[in-house]
Amino acid sequence: MIQADIRFNTTDYDFTYTPGDGDCDSNDFDVISILTHELGHVLGFDDLYDPANRYLTMSGRVNNCTTYLRNLGRGDVLGLRERY
Ligand SMILES: [Zn+2]
């Protein structure tokens, strides 16, 4: 792979850099969290749906108005180390 594009679906979702500002609603997602997750796909990782993985960046269930996916979880790091 030499290039990848990531496009945000701004038709169906809203994105914010400040999800903790008190003005976040049910359709607002943290742009940094989503970008970090999507970069994981660029690196070859799939979505994870096991509830035990819900706080990993590669979790396929992203909650609105949260920022915890900005930081890689232990499982994300272990996957990167194994692959790269
Ligand atoms: Zn995904």
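Structural notes, computed from the coordinates. None of these values were measured; they are calculated from a predicted model.

Counted by the stated rule, this structure contains one disulfide. Covalently, C24 is tied to C65 through a disulfide, its sulfur atoms 2.0 Å apart. On the S-S bond that ties C24 to C65, the torsion sits near -100°, and the link is left-handed. Here the residue C24 occupies a position in the loop between β1 (14–16) and β2 (28–30), and C65 occupies one in the loop between α1 (31–42) and α2 (74–83), the gap between them amounting to 41 residues. Among the residues examined, C65 registers a relative accessible area of 24% and is labelled partly exposed.

We now examine the side chain of T57. Its location among the elements puts T57 in the loop between α1 and α2. A polar contact of 2.9 Å, which involves the side chain of T57, links it to the backbone oxygen of L69. Among all residues touching T57, those that are not within four sequence positions of it are T36, H37, L69, N71, L72, G73 and D76.

Looking at the element boundaries, D76 is found in helix α2. Notably, D76 is buried but unbridged: the nearest opposite-charge side chain belongs to R74, and the N-O separation is 11 Å. Here G73 takes part through its backbone nitrogen, which lies 2.7 Å from a polar atom of the side chain of D76.

Within the protein, the atoms that donate to the zinc ion are H37 (NE2), H41 (NE2) and D47 (OD), at distances of 1.9 to 2.0 Å. All donors of the zinc ion belong to a single chain; written as a sequence motif, their spacing is H-x3-H-x5-D. By relative accessible area, H41 is classed as partly exposed at 28%. Under the relative-accessibility criterion, D47 is labelled partly exposed at 29%.

Procedures and definitions
- Each residue is numbered by its place in its chain's sequence as written, counting from 1.
- The model is predicted, so local features are restricted to residues of pLDDT at least 70 and side-chain atom pairs to those at 80 or more, both for listing and for counting; the totals for chains, interfaces and linings are taken over all residues.
- The basis for the side-chain values is all heavy atoms of the structure; hydrogens and waters are excluded.
- The disulfide definition used here is simple: a pair of cysteine sulfur atoms within 2.5 Å.
- Per the convention used, a helix needs a DSSP run of H or I reaching at least four residues, while a strand needs a run of E reaching at least two, with both numbered from the N terminus.
- Relative accessible area decides the class of each residue, using a 1.4 Å probe on protein chains only: under 20% of the type maximum gives buried, over 50% gives exposed, and in between gives partly exposed.
- Under this definition, polar contacts are N or O atom pairs within 3.5 Å; protein pairs additionally need one hydrogen-donor-capable and one acceptor-capable atom, and for neighbouring residues in sequence, both atoms have to be side-chain atoms.
- Contacts are residue-level and defined by heavy atoms, with any inter-residue pair within 4.5 Å sufficient.
- His is not counted, nor are the chain ends, whereas Lys and Arg count as positive and Asp and Glu as negative.
- Salt bridges are defined as contacts in which a side-chain nitrogen from Lys or Arg sits within 4 Å of a carboxyl oxygen from Asp or Glu.
- As a rule, N, O and S atoms within 2.8 Å of a metal are its donors, except that Na, K and Ca use 3.2 Å; water is not among the atoms, so sites may look incomplete.

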